[in-house]
Amino acid sequence: DDSPSATMASKTRKATHAGSWYSARGSELDLQLQRWLDAAIADAPEPTEGFVRGIIAPHAGYSYSGPTAAHAYKNVNAPGIKRVFVLGPSHHLHLRGCALTAFGAYQTPLGALTVDPAVQEELRATGAFETMSREVDEDEHSLELQCPFIAKTVPGATIVPVLVGSLSPDRERSYGAIFARYLSDPANLFVISSDFCHWGDRFRYTYYDPSHGQICESIERVDRLGMRSIETLSPDAYRAYQQQYENTICGRHAITVLLHALQASPQPASSSRKLSAAVAAAAAGEGSLWDIRFVHYSQSSRCVRPSDSSVSYASAVIAARAA
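Along each chain, residue indices are assigned from 1 in the same order as the chain's sequence is written. In keeping with the predicted nature of the model, local features appear solely for residues at pLDDT of at least 70, side-chain atom pairs appear and are counted solely at 80 or more, and the whole-chain, interface and lining totals rest on all residues. Hydrogens and water are ignored here; the side-chain numbers use all heavy atoms of the structure.

### Things to note about the packing of aromatic side chains
Side-chain rings of Phe, Tyr and Trp (the six-membered ring for Trp) are treated as a pair once their centres are within 6.5 Å; stacked means planes under 30 degrees apart, edge-to-face means over 60, and tilted covers the remaining angles. Taken as a whole, this structure holds 14 aromatic pairs when the rule is applied. Relative to Y175, the ring of F129 has its centre 5.3 Å away and its plane inclined at 65°; by these criteria the two rings are edge-to-face. On the criterion of sequence distance, the pair formed by F129 in strand β7 (residues 129–131) and Y175 in helix α7 (residues 169–183) is long-range, its members being 46 residues apart. Any residue under 20% of the maximum accessible area for its type is buried, any over 50% is exposed, and the rest in between are partly exposed; the area is computed with a 1.4 Å probe on protein chains only. Judged by relative accessible area, F129 falls into the buried class, the value being 11%. Members of the aromatic cluster, each reached through a chain of ring pairs, are F85, F129, Y175, F179, Y182 and F190. Any Lys NZ or Arg CZ that is within 6 Å of a ring centre and within 35 degrees of that ring's normal is treated as a charge sitting over the ring. In this structure, R13 packs its charged tip against the face of Y106, placed 5.0 Å from the ring centre. The side chain of R181 reaches across the aromatic face of Y182, ending 4.4 Å from its centre. Helix and strand labels come from DSSP, where a helix needs a run of H or I of at least four residues and a strand needs a run of E of at least two; each type is numbered from the N terminus.

Structure representation (structure tokens):
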């Protein structure tokens, strides 16, 4: 096969954001990641209940979001994990579906991560996936920023990077159905790459409810309402939340794909309940063998004036409950 994609498959994607968004020096980066992971363990030493099958983690520069990401990655139980699916939003390319990488590996300062060729071909065979160009792949940060954490916590695992576009509700459901069978396999880990609220004029999002205190407190309330809607496991509840608040959660489509995959997987997730009822049921632990729990939240800065701006970061753990 002499096609461009076949040629690219023998090449390694460069760590294009190393040296700016995070350290390009392997020893320094390894020490930083270890310190953040150790701090996360010390902050919440109790292990997550059930079998961790996925996480939601932020993808900003590590000086901003690294500590929050570590709260997700500290829950990853590496020995049984053979491959990691990374679903991240497209920041530069307008995409109505999802796209796969053409590269054979992703470089990190901690070593290269091999792209899983068999799963790539299975996904391509569905006809539902485009292929990223080299330029799109190397410009995108949402996938790359997860790779050093993966290299650190799941050494030896292959990766399946998936760029997620602005999906319609029907497409969110159909991609969820595709990923469901992989989610049910305990050898797979799903990483959903997403920051939370992007607040300020430069993000064109300035929702503020003064009844909840300062701007930063209003932002946190809206973010936490979003987290609770995700914890219900209901795509409908999360969609209703987004329709109400239009929160600038960049990975919202990837998160919804995950929720549909949980519903379609052999371990059924509850749905079709109103938001308030679903929140109550989730809090009571009813109706599902899956569990999503947010474990950490932070903001890049504390907004107090309308001229301020910030990005929020939240980490969650997706676990299959022990039967």
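Resuming the write-up.
### A few points about the pattern of salt bridges
Salt bridge, as used here, is a side-chain nitrogen of Lys or Arg placed within 4 Å of a carboxyl oxygen of Asp or Glu. What the rule picks out here adds up to 12 salt bridges. One salt bridge connects R13 with E144, and the closest N-O pair in it is separated by 3.0 Å. Taken together, the residues R13 in strand β1 (residues 12–13) and E144 in the loop between α5 (134–139) and α6 (147–153) connect sequence positions 131 residues apart. Its relative accessible area of 1% is what places E144 among the buried residues. Taking the shortest distance from any N to any O, the salt bridge between R224 and E220 comes out at 2.8 Å. Of this pair, R224 and E220 both sit in helix α8 (residues 215–231), four residues apart, which is roughly one turn of the helix.

### So, the pairing of strand β9 (residues 188–193)
Burial analysis of β9 places six of its six residues in the buried class, the great majority of the element. Of the two faces of β9, both are covered, the one formed by N188, F190 and I192 as well as the one formed by L189, V191 and S193. Pairing geometry for strand β2 (residues 51–57) and β9, over four bridges, is parallel. Looking at β9, one finds that I56 is bridged to I192. The pairing of strand β3 (residues 83–89) with β9 spans five bridges and is classified as parallel. Two strands form a pair only when DSSP identifies at least two bridges running between them.

### Topic: the layout of surface pockets
A volume near 680 Å³ is recorded for the largest pocket. Using a grid of 1 Å spacing that covers the protein atoms alone, one calls a set of points a cavity when a 1.4 Å probe fits there but cannot get out, and a pocket when the set is open and has protein on both sides within 12 Å along at least five of seven lines; lining residues are those with an atom within 4 Å of a point. What lines the largest pocket is a set of 30 residues, and nearest its centre among them are H59, H91, H141, H198 and C250. For the lining of the largest pocket, the secondary-structure elements that each account for two or more residues are α10 (252–264) and β12 (310–320). A total of three residues in the lining of the largest pocket trace back to one element, the largest contributor, which is β12. Here the residues of the lining of the largest pocket are counted per class, giving 12 nonpolar, 15 polar and three charged. Grid points are joined across faces, edges and corners, and a volume is the space filled by probe spheres set on the points. Residue classes follow a fixed rule: Ala, Val, Leu, Ile, Met, Phe, Trp, Tyr, Cys and Pro count as nonpolar, while Asp, Glu, Lys and Arg count as charged, and any other residue, Gly among them, counts as polar.

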